[in-house]
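Listed here are the chains, written in short residue letters.
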Amino acid sequence: MADLLVRRAGAVFGHSTTGPTAIVIRNGRVAAVLPDRDVPSGPLIPELDAGGRVVLPGFVDSHAHLVFAGDRRAEFAARLAGQPYEAGGIMQTVEATRAASLDDLVAGVVERATACLLDGTTTVEAKSGYALDVEGERRSLEALHLAGARVPVDIVPTFLGAHLAPYDGYVDEVVHDMLPACAPLARFCDAFCDEGALSVDDARRVLRAGCSYGLLPRLHAEELAHSGGARLAAELRCASADHLVHADDADIAALAAAGVVAVLLPATSHCVGIGYAPARRFLDAGAVVALATDCNPGTSYTTSMPFVIGLACIEYGLTVDEAIRAATWGGAQSLRLDDIGQLHVGARGDLVVLDTDDWVDLAYRPGSHLVADVVKDGVHVVCEGRLR
Ligand code: NIG
Ligand code: FE
């Protein structure tokens, strides 16, 4: 467990210290955030000189589909030519994922998790859901675990065997066969409740069964149509309801009252052209909002949280501070993790140094590569934009 002294930060997100600031990390956890001149002298520990640049908590990407094989370029091109998106496209990725070896799946996750890290993500939730059979869903979760041991990013595994219901009796199979085989490898259970995917009743069955295996529920809801997923997420007190493009005021009130985090995915809206979730209304209702990439080959092939933050500011009308908070603390809340997403004393030493003296640049300079350094559990893992 590492020690690190970050010196001369121009500012630290979530802290009001003015002037050069230091962050002391001991045993992988934040021990102090204090004016640089007040750093007590003691035994030498490794240092990272931020040189006046700003420091943020590591990004928490709370919705990603990192295990898959193949691509959907042809489907994307067809959409550009006017074809609408349909959930059924998932089956193409299912075919490719079933045909891939475990080694190939692991290599794909390692590649994507490394891309996450280089863009400042230190924790990423990752879902199975592109195999849709017992062996394949289990293998997908195994791939996440194997990849997690090879990249310094925390991968939080979610079972999404209910990504579609491709034939009659499929939900029975999820409940009776897949869940017992997969639950030991996952922390959350998710379902895609939408037009062309699962009905509210089927999603309820899957999430309840997931709970009986000790998994916490989260739910894809109200992405393609207003189909009742948000109210189901509130009823089950899910950790999160995700997408929410079509959520109405009653949904928003129910989710806020039930403590369900609204995980919003502006890159999906951007790539599919399905309209943007009512982010401001969620915040006004007192809901916790998280921002995530939804990285997947069908609707949002990006691992970049800076891109998502930029979109959230422009398209949702969030302030940059609101967007950063949603991309860090909000994500942590949706994963029910209290020791990440904020650089308070006792939190894990996961942080990002941006190559600028003002984090407003995340939205102001879209597409610029601003992540210079990344620290994971007190270890300096990305230096000047490169893996160490
Ligand atoms: O979150 N909405 C469900 N799943 C993915 C898309 C899946 C796909 O098209 O491959 C999503 O957008
Ligand atoms: Fe998704």
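Note that residues are indexed from 1 along each chain, following the sequence as it is written. Chains carry letters from A onward and ligands carry numbers from 1 onward, assigned in written order. In keeping with the model being predicted, local features are shown solely for residues with a pLDDT of at least 70 and side-chain atom pairs are shown and tallied solely at 80 or more, while totals for entire chains, interfaces and linings include all residues. Hydrogens and waters are ignored; side-chain quantities use all the structure's heavy atoms.

## A closer look at the overall build of the chain
So, point 1. A count of helices and strands for the chain gives 13 helices and 18 strands.
So, point 2. Radius of gyration: over C-alpha atoms. The globule rule applied is 2.2 Å multiplied by the number of residues raised to the 0.38 power. The C-alpha atoms of the chain give 20 Å as radius of gyration, which agrees with the globular expectation for 388 residues (21 Å, within 12%).
So, point 3. Projecting the C-alpha coordinates of the chain onto the three principal axes gives extents of approximately 65 × 45 × 45 Å.
So, point 4. Only protein chains enter the accessibility calculation, which uses a 1.4 Å probe; a residue is then buried when its area is under 20% of its type maximum, exposed when over 50%, and partly exposed in between. Counting only residues that meet the buried cut, the chain has 60% of its 388 residues in that class.
So, point 5. A separation threshold of at least 6 residues defines the contact pool for the chain, and within that pool the share at least 24 residues apart is 71%.
So, point 6. The protein chains shown are the only cover counted for residues, whose accessible areas, like all others here, come from Shrake-Rupley with a 1.4 Å probe. Looking at the chain as shown, the accessible area adds up to about 14600 Å², and 51% of this sits on carbon and sulfur atoms. Labels follow the DSSP assignment, with helices taken as runs of H or I lasting at least four residues and strands as runs of E lasting at least two, numbered in each case from the N terminus. Here, residues are in contact when the closest pair of their heavy atoms is within 4.5 Å.

## Regarding the pattern of salt bridges
So, point 1. The term salt bridge refers to a pairing of a side-chain nitrogen on Lys or Arg with a carboxyl oxygen on Asp or Glu at a separation within 4 Å. Summed over all chains, the structure comprises 27 salt bridges.
So, point 2. The shortest N-O distance in the salt bridge between Arg8 and Asp49 comes to 2.8 Å. Linking Arg8 in strand E1 (residues 4-9) with Asp49 in strand E5 (residues 47-49), this pair joins segments that are 41 residues apart in sequence.
So, point 3. With relative accessibility at 44%, the residue Asp49 sits in the partly exposed group.

## Structural notes on the site of ligand 1
So, point 1. For ligand 1, the set of nearby residues contains 15 residues, the closest of which are Arg72, Tyr85, Tyr130, Glu223 and Thr299.
So, point 2. Identification of polar contacts relies on pairs of N or O atoms within 3.5 Å, with a donor-acceptor requirement for protein atoms, meaning one able to donate a hydrogen and the other able to accept it, and with residues adjacent in sequence counted only if both atoms are side-chain atoms. Measuring from an oxygen atom of ligand 1, one finds a side-chain N or O atom of Arg72 at 2.8 Å.
So, point 3. At 2.8 Å, a side-chain N or O of His163 approaches a nitrogen atom of ligand 1.
So, point 4. Burial of ligand 1 by the surrounding chains reaches 100%, relative to a free accessible area of 320 Å². Proximity is defined per residue: if any heavy atom of the residue lies within 4 Å of a molecule or strand, that residue is considered near it.

## Some points on the pairing of E1
So, point 1. Sheet topology note: the E1/strand E3 (residues 21-26) ladder contains 4 bridges and is antiparallel. Within E3, the position partnered with Leu4 by the bridge is Ile25.
So, point 2. In this structure, E1 lies alongside E5, joined through 3 bridges in parallel fashion. Along E5, the bridge assignment pairs Leu5 with Glu47. Here, a strand pair is defined by DSSP locating no fewer than two bridges between the strands.

## Points about the coordination of the iron ion (ligand 2)
So, point 1. Water is absent from the atoms considered, so a metal site may look incomplete; donors are defined as N, O and S atoms within 2.8 Å of the metal, or 3.2 Å for Na, K and Ca. Bound to the iron ion (ligand 2) are the protein donor atoms His63 (NE2), His65 (NE2), His220 (NE2) and Asp294 (OD), situated 2.1 to 2.4 Å from the metal.
So, point 2. On the accessibility criterion, His65 (2% relative accessible area) is buried.

## A closer look at the domain arrangement of the chain
So, point 1. Each assigned domain of the chain is listed with its residue range as follows: domain 1 (4-57 + 342-387) and domain 2 (59-334).
So, point 2. Each of domain 1 and domain 2 has a C-alpha centre, and these two points are 29 Å apart.
So, point 3. Every contact between the two is made by 21 residues of domain 1 and, on the other side, 20 residues of domain 2.
So, point 4. Around 1700 Å² of area is buried between domain 1 and domain 2 when both sides are counted, 73% of it from carbon and sulfur atoms.
So, point 5. Using a 1.4 Å probe, buried area is obtained as the accessible area two parts lose upon being combined, added over both of them. Considering only the side of domain 1, the residues that lose the most area to domain 2 are Phe13, Leu362 and Lys376, jointly responsible for 28% of the buried surface there.
So, point 6. Scanning the region where domain 1 abuts domain 2 turns up 2 salt bridges.
So, point 7. Measuring nitrogen to oxygen at the nearest pair gives 2.7 Å for the salt bridge that ties Lys376 to Asp154.
So, point 8. Where domain 1 meets domain 2, there are 5 residue pairs in polar contact (both at pLDDT 80 or more).
So, point 9. Sorting the residues of the side of domain 1 that touches domain 2 by element identifies strand E6 (54-57), helix H13 (361-364), strand E16 (371-376), strand E17 (379-383) and strand E18 (386-387) as the ones contributing at least two each.
So, point 10. In terms of residue count, the dominant contributor to the side of domain 1 that touches domain 2 is E16 (4 residues).
So, point 11. Residues belonging to the side of domain 1 that touches domain 2 are distributed by class as follows: 14 nonpolar, 3 polar and 4 charged. An automatic or database domain assignment provides the domain bounds reported here. Only Asp, Glu, Lys and Arg are considered charged, only Ala, Val, Leu, Ile, Met, Phe, Trp, Tyr, Cys and Pro nonpolar, and every remaining residue, Gly among them, polar.

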